[in-house]
Amino acid sequence: GVAVQNIKARHTLLMVDSCYVGKIYKGSDKNILNKAKENLEAAQINKLLNKKGRIFMASGGEEPVQDAVVGKHSLFAYKFIDLLKNNNSYITATNIFIEISKYHGELDQTPIIGTQKEWGHLGGDFVFVAKN
């Protein structure tokens, strides 16, 4: 936790593709998913970018994750990469989480997202912008 807290970047996203991550991270997903449901416009994206963001996303909570792969990637990594490749404008980490969750809907594993207050999260989000 202290290592993440000391990162000087304004926005940090930890992506963890591992079993039982929910036992380690006891952060909160409160409010983080509410803003992901919105259709974000440029002004809203700028607001998210102006606030410090410390977010973690993991492929599984308190259960084992699937060993299945698509090509050479886990199901979690495959969908994450697919979403980035097909993004033609911008997408937030929380919107990516919603899409990954849908993709995992019929699997036993349940992806998780959250923040840790002690990491210095102030309501920001990690935003991926497509290169044009």
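Computed from a predicted model, the values in this text were never measured in an experiment. (Residues numbered from 1 in each chain as written. Predicted model: local features only at pLDDT ≥ 70, side-chain atom pairs only at ≥ 80, totals over all residues. Heavy atoms only, no water.)

Points about the overall build of the protein
Rule in force here: Strands are runs of DSSP state E lasting at least 2 residues, helices are runs of H or I lasting at least 4, and numbering of each runs from the N terminus. What makes two residues a contact is simply this: any of their non-hydrogen atoms within 4.5 Å. Here the Shrake-Rupley method, with its probe set to 1.4 Å, supplies the accessible areas, and only the displayed protein chains count as covering residues.
In terms of regular secondary structure, the protein is built from five helices and seven strands. Summarising the internal contacts of the protein: among those between residues at least 6 apart in sequence, 86% fall at separations of at least 24. For the protein, the computed accessible surface area is about 7900 Å², with 51% contributed by carbon and sulfur atoms.

Remarks on the sheet that holds strand β2 (residues 53–58)
Short version of the rule: For two strands to pair, DSSP has to find at least two bridges joining them. To obtain each axis, a line is fitted to C-alpha atoms, and for helices this fit is confined to the stretch in contact; angles are then taken between N-to-C directions over 0 to 180 degrees.
Strand order in the open sheet formed by three strands is β1-β2-β6, and the pairing between neighbours is mixed. Since the sheet does not close on itself, it has two edges, and those belong to β1 (11–16) and β6 (112–115), each with one partner. The average undirected angle you get between the axes of adjacent strands in this sheet is 15°. By the bridge criterion, four bridges tie β2 to β6 in an arrangement that is antiparallel. Note on β6: the bridge partner recorded for A58 is I112.

Topic: the nonpolar core
Filter applied, for reference: We call a set of buried residues a nonpolar core when its members are Ala, Val, Leu, Ile, Met, Phe, Trp, Tyr or Cys and they connect through side-chain atoms within 4.5 Å of each other. Throughout this description, buried means an accessible area under 20% of the type-specific maximum (1.4 Å probe, protein chains only), exposed means over 50%, and partly exposed covers the range between.
Ranked by size, the top nonpolar core spans 13 residues in total, and within it L13, M57, F80, I96, I100, I113 and F128 carry the most contacts. Here the element with the most residues in this core is helix α5 (residues 93–103); it accounts for four residues. Those residues in contact with F128, other than ones at most four positions away along the chain, are L13, F80, L84, N87, S89, Y90, I91 and I96. Within the second largest apolar cluster, five residues are counted, among which are V4, F56, I112 and W119.

Thoughts on the packing of aromatic side chains
Each pair of aromatic rings is reported with the distance of its centres and the angle of its planes. Basically, it comes down to this: Put simply, two rings from Phe, Tyr or Trp (the six-membered ring, in Trp's case) pair if the centres are within 6.5 Å, and we call them stacked under 30 degrees between planes, edge-to-face over 60, tilted for the rest.
A full pass over the atoms with the stated rule returns four aromatic pairs. A centroid spacing of 6.1 Å and a plane angle of 75° characterise the contact between F56 and W119, whose relative ring orientation is edge-to-face. Note that F56 is positioned in strand β2 and W119 in the loop between β6 and β7 (127–129), a separation of 63 residues in sequence. A residue is classified by how much of its surface remains accessible, and F56, at 2% relative accessible area, is buried. Taken together, a centroid distance of 5.9 Å and an interplanar angle of 75° make the contact between F80 and F128 edge-to-face. On the criterion of sequence distance, the pair formed by F80 in helix α4 (residues 75–85) and F128 in strand β7 is long-range, its members being 48 residues apart.

As for the packing of α4 against α5
The packing of two helices is summarised by the inter-axis angle and the distance between the axes. Threshold: If an angle is under 35 degrees, it is roughly parallel; if it is over 145, roughly antiparallel; if it lies from 65 to 115, roughly perpendicular; otherwise it is oblique. Two helices cross in a left-handed way if the nearer one is turned anticlockwise from the farther one by less than a right angle. They cross in a right-handed way if the turn is clockwise. Residue classes follow a fixed rule: Ala, Val, Leu, Ile, Met, Phe, Trp, Tyr, Cys and Pro count as nonpolar, while Asp, Glu, Lys and Arg count as charged, and any other residue, Gly among them, counts as polar.
Relative orientation of the contacting elements α4 and α5 amounts to 130°, with a least axis distance of 10 Å. Our classification of the angle between α4 and α5 gives oblique. In this structure, α4 crosses over α5, and the sense of that crossing is right-handed. Contacts between α4 and α5 involve L75, F76, Y78, K79, F80, L83 and L84 from the former and I96, E99, I100 and Y103 from the latter. Of the residues assigned to the contact of α4 with α5, the class counts are nine nonpolar, no polar and two charged.

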